[in-house]
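# Structural features, examined
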Amino acid sequence: MILEILNTLTSKGKRSLAISIFGFVIYALTGIAMMLLTLHILELLFLDNHTNLSKYWIMLGICLLVKGGSNILADMQKHFAGFDIVYKIREKIVYRLKSFSLGFYTNERLGEISTIIHKDVDNMESVVGHMWTRMSADFIVSILLLFYLFSIDWRMGLLMISLLPIALLLLVLGLKKASNLEEENGNLLADMVSLFVEYVKGIPLLKAFSESKKFDHKLTASTSCFGESNKQAAKYRAKVLSHYGFFIDLSFWLMATVGIVLVFNKSLEPMAYLIYIVISKEFYKPFVAMEMHWMNYLKVTDSYARIKKIIDAPIVEEPKQPKKPKGSDIIFDKVDFFYEEGEFSMKNISFTTPKHTLTALVGESGSGKTTVTNLLLRFWDVKKGSIRIGNVDIRDMSYDSLLNSISIVMQNVQLFADTIEGNIRIGKANASKEEIIEAAKKARIHDFIMTLPKGYETIVGENGVGLSGGQKQRISIARAFLKDAPILILDEVTSNVDPINEALIQEAISELTKNRTVLVIAHHLSTIRSADQIIVFKNGNIVESGTHTELLTNPNGYYSILWSKKTQGSFIEKEEDIKGIFQEA
Ligand SMILES: Nc1ncnc2c1ncn2[C@@H]1O[C@H](COP(=O)(O)OP(=O)(O)OP(=O)(O)O)[C@@H](O)[C@H]1O
Ligand SMILES: [Mg+2]
């Protein structure tokens, strides 16, 4: 996994990482050189030998400068490497997010995605950029020191590392067991939290009944169980770490003790002994910090595994040889679909919307009207059957060309924190200013835009000017005019629009629907009455279809019943019965 993480970096990022590690190695080596030089200067002072003093003093100065310079270089480059990985991962995620089907975006997922984009990507930056560079440099320095120290005296070298393998073995085995304990701990924590949530939610009920004592006991038991297991895990971890540290210290002690004997026996120079005592600390440095490195490794691999869950999630499948549709008629052919197994489902849905006609989808709330448009846009894919545009299965079209051939005007218009011009331009990225103005005029929003002090440059959205629902809707109509796609999906506005806006919207929409194949989720009587075809949905099934007059010829039909409910208000028993079905224009 480490290699995979490193491969996420661009070549520039990899270079920064390498330079940073190199910088830290130089930084550490110059630090060590300064210690050695100081030892030599002290030796000269003790021997009252002043011959080389100035040479050492100059070398000390040079080391100081190199150390400072390499520190700046390493520090800067580690930030560059960190930024690089964050940039690359966020770019990859954003690129993928656009290609997922809407089915990917459950509420749970949205929470997860924001955690990943915030926390996990930042973890990658701090660990890969900041920690790994230092850690790698420390290990490289450690290996270099091993060679250097062995070259001074191999016996001392062997003593220095004698107990290191045992210490490392203890650590690895210990941490493995500790992570099992911690997993158990995590489960107990989850149990405790869910009990607490249940408790808080049920407080009114618990207060009213004597059962509350029983629940209190359950909660106390769970809390103490978690506390106990937490304590055990912490105790175990501390034990493992102290044993590990002890074996490293024991190595040092062995070396120091045997070293003294060797010095007394005159088989080791006192200076060599001194160098071992001082420099071995630098050799042990990355090993002493091993637990921290291990934790960092776990942190980064954990984060990366979560990031990969997004990067590797399946996206909308693209055909190998995309086909181009001939025409803009839409055919739903024996379509079966469900979001979740066992819940709302559509079975055997078939209908045709001939080119340049308007099909109205009507039915109660939750009957499946939006689902039909979701399927046409491939926000979800059908389970069975097919949807064709111009006689080409939409799965055989390239996803871009499918989306390019459809404009959508929805009830809830999403505006981005950008200028009005930028918001209209979403319809066609390379549109000229004239085209944008033309589209705004057709959408009956140009005059309003001109009343704003900054006109088309006015910022809207989160931190900009607030627009009314009707104005937003007209901006989205302008987008659709600009996009000029042959197919139009329209979700009619049902409420919260004043009469003036409503009239302007109707005007704009009747122009927009001209010479296009239109699927409209219809609420207005006028739209329904004048539709070329009405498809009536009930619980995910098509119960009737035809023109308004045709449908009314069957007095017992569902449509006739809905219609009479609407026109004879007195028959309406529950408002929900007709909510979202018809609304007077
Ligand atoms: N993303 C989803 N995941 C699971 N179920 C969904 C999802 N979207 C919609 N549904 C369910 O599918 C059914 C049909 O929903 P749909 O949005 O198509 O209804 P609708 O006819 O457009 O209703 P309305 O008039 O209220 O907009 C509903 O029962 C709804 O709860
Ligand atoms: Mg809907």
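Residues numbered from 1 in each chain as written. Chains lettered and ligands numbered in written order. Predicted model: local features only at pLDDT ≥ 70, side-chain atom pairs only at ≥ 80, totals over all residues. Heavy atoms only, no water.

Before going further, it helps to examine the overall build of the protein chain. Regarding its fold elements, the protein chain presents 20 helices and ten strands. Computed over its C-alpha atoms, the radius of gyration of the protein chain comes to 36 Å, more than 25% above the 25 Å expected for a compact globule of 585 residues. Of the accessible surface of the protein chain, which amounts to about 31600 Å², a share of 60% is contributed by carbon and sulfur atoms. Side-chain charges in the protein chain split into 65 positive and 63 negative, and the spacing between the mean points of these groups amounts to 3 Å. (Helix = DSSP H or I, 4+ residues; strand = E, 2+ residues; numbered from the N terminus. Rg over C-alpha atoms; globule rule 2.2 N^0.38 Å. Areas by Shrake-Rupley, 256 points an atom, 1.4 Å probe, with all protein chains shown as cover. Lys, Arg positive; Asp, Glu negative; His and termini not counted. Charge placed at Lys NZ, Arg CZ, Asp CG, Glu CD.)

Take the pairing of strand 1 (residues 330-338) next. Of the strand pairs in this sheet, strand 1 and strand 2 (residues 345-353) are connected by six bridges, and their pairing is antiparallel. Among the inter-strand pairings, Phe337 is bridged to a residue of strand 2, identified as Met346. Bridge analysis of strand 1 against strand 4 (residues 384-389) gives five bridges, and the strand direction is antiparallel. Residue pairing for strand 4: Asp333 is matched across the bridge by Ser386. (Pairing = 2+ DSSP bridges.)

Quick look at the sheet that holds strand 2 now. Strand order in this open sheet of four strands is 2-1-4-5, and the pairing throughout is antiparallel. Because the sheet does not close on itself, it has two edges, and the strands there are strand 2 and strand 5 (392-393).

Turning our attention to the packing of aromatic side chains. Inspection of every chain in the model, using the stated rule, returns nine aromatic pairs. On the numbers, 4.9 Å between centres and 90 degrees between planes, the contact of Tyr339 with Trp380 is edge-to-face. Of this pair, Tyr339 sits in the loop between strand 1 and strand 2 while Trp380 is found in the loop between helix 11 (369-376) and strand 4, placing the two residues 41 residues apart along the sequence. The exposure class assigned to Tyr339 is partly exposed, which follows from its relative accessible area of 31%. Take Trp380: its relative accessible area is 22%, and that puts it in the partly exposed class. One aromatic cluster is present, built from ring pairs that chain together Phe139, Phe283, Tyr284 and Phe287. Lying across the ring of Tyr56, Lys55 places its NZ or CZ 5.9 Å from the centre. The ring of Tyr558 carries Lys538 above its face, with NZ or CZ at 4.8 Å from the centroid. (Phe/Tyr/Trp six-rings, centres within 6.5 Å; stacked < 30°, edge-to-face > 60°. Buried < 20%, exposed > 50% of the residue type's maximum accessible area, 1.4 Å probe, protein only. Lys NZ or Arg CZ within 6 Å of the ring centre and 35° of its normal.)

Lining the immediate surroundings of ligand 1 are Tyr339, Phe344, Glu364, Ser365, Gly366, Ser367, Gly368, Lys369, Thr370, Thr371 and Trp380. At 2.8 Å, a backbone N or O of Gly366 approaches an oxygen atom of ligand 1. In the model, an oxygen atom of ligand 1 is placed 2.8 Å from a nitrogen or oxygen of the Lys369 side chain. Contact with the protein chains hides 61% of the accessible area of ligand 1, taken as 630 Å² for the molecule alone. Partitioned by chemical class, the residues of the shell around ligand 1 number three nonpolar, six polar and two charged. (Near = heavy atom within 4 Å. Polar contact = N/O pair within 3.5 Å; in protein donor to acceptor, adjacent residues only side chain to side chain. Nonpolar A, V, L, I, M, F, W, Y, C, P; charged D, E, K, R; others polar.)

Okay, the confidence of the model for the protein chain next. Here the protein chain averages 86 in pLDDT, while 94% of its residues score no lower than 70. Note that pLDDT drops below 50 for residues 569-585; the model gives that stretch 35 contacts with residues more than four away or on any other chain. (pLDDT = per-residue confidence, 0-100. Contact = heavy atoms within 4.5 Å.)

Right, let's talk about the nonpolar core for a bit. In terms of nonpolar packing, the biggest core is built from 63 residues, with Ile5, Ile85, Ile93, Met124, Val128 and Ile307 touching the most fellow members. Examining the composition of this core, we find that twelve residues originate from one element, helix 4 (residues 107-152), more than from any other. Structurally, this core is a two-domain feature, drawing no fewer than three residues from each of domain 1 (1-152 + 286-315) and domain 2 (154-267). Of all hydrophobic cores here, the second largest spans 44 residues; its members include Ala360, Ala522, Leu551 and Tyr558. (Core = buried A, V, L, I, M, F, W, Y, C linked by side-chain atoms within 4.5 Å. Domains from an automatic or database assignment.)

All right, on to the domain arrangement of the protein chain then. We note that the domain assignment places domain 1 (1-152 + 286-315) and domain 2 (154-267) within the protein chain. Each partner contributes residues to the interface: domain 1 has ten residues there, and domain 2 has 13 residues. Contact with domain 2 buries area across many residues of domain 1, yet Phe150, Phe287 and Glu291 alone supply 54% of it, more than any other trio. Inspection of the domain 1/domain 2 interface yields zero salt bridges. Scanning the region where domain 1 abuts domain 2 turns up two residue pairs in polar contact (both at pLDDT 80 or more). The set of elements that each furnish at least two residues to the side of domain 1 that touches domain 2 consists of helix 4, helix 9 (270-288) and helix 10 (290-311). When its residues are assigned to classes, the side of domain 1 that touches domain 2 shows nine nonpolar, no polar and one charged. (Buried area = accessible area lost by both parts, 1.4 Å probe. Salt bridge = Lys/Arg side-chain N within 4 Å of Asp/Glu carboxyl O.)

This part is about the environment of Gly427. Note on placement: Gly427 falls in the loop between helix 13 (420-425) and helix 14 (433-442). Measuring from C-alpha to C-alpha, the distance between Gly427 and Ala485 comes to 9.6 Å, with 58 residues separating the pair along the chain. Not counting chain neighbours up to four residues away, the residues in contact with Gly427 comprise Arg479, Leu482 and Lys483.

Attention shifts here to the packing of helix 16 (residues 469-483) against helix 17 (residues 499-512). Between two packed helices, the angle of one axis relative to the other and the distance separating the axes together describe the packing. Their axes nearest at 10 Å, the elements helix 16 and helix 17 cross at an angle of 10 degrees. Put simply, helix 16 runs roughly parallel to helix 17. Relative to helix 17, the crossing made by helix 16 is left-handed. Between helix 16 and helix 17, the contacting residues are Gly470, Gln471, Gln473, Arg474, Ile477, Ala480 and Phe481 on the first element and Asn501, Leu504, Ile505, Ala508, Ile509, Glu511 and Leu512 on the second. When its residues are assigned to classes, the contact of helix 16 with helix 17 shows eight nonpolar, four polar and two charged. (Axes fitted to C-alpha atoms, helices over the stretch in contact; angles between N-to-C directions. Parallel < 35°, antiparallel > 145°, perpendicular 65-115°, else oblique. Left-handed = near helix turned anticlockwise from the far one by under 90°.)

Here the focus is the side chain of Asn185. In this structure, Asn185 sits in helix 6 (residues 164-201). At a separation of 3.0 Å, a polar atom in the side chain of Asn185 contacts the side chain of Asn230. In this structure Asn185 touches Phe226, Ser229, Asn230 and Ala233, once residues within four positions along its chain are discounted.

Spatial strand order, 6-7-8-3-9-10: six strands in an open sheet with mixed pairing. A single partner strand is all that each edge strand has here, and the edge strands are strand 6 (406-409) and strand 10 (541-546). Shown here is a sheet whose adjacent strand axes are inclined to one another by a mean of 20 degrees, direction ignored. Alignment of strand 3 (residues 358-363) against strand 8 (residues 517-521), held across four bridges, turns out to be parallel. Residue Leu358 lies in a different strand from strand 8, and its bridge partner there is Val518. Contacting strand 3, strand 6, strand 7 (487-491), strand 8 and strand 9 (533-538), helix 11 runs over the sheet at an angle of about 145 degrees to strand 8.

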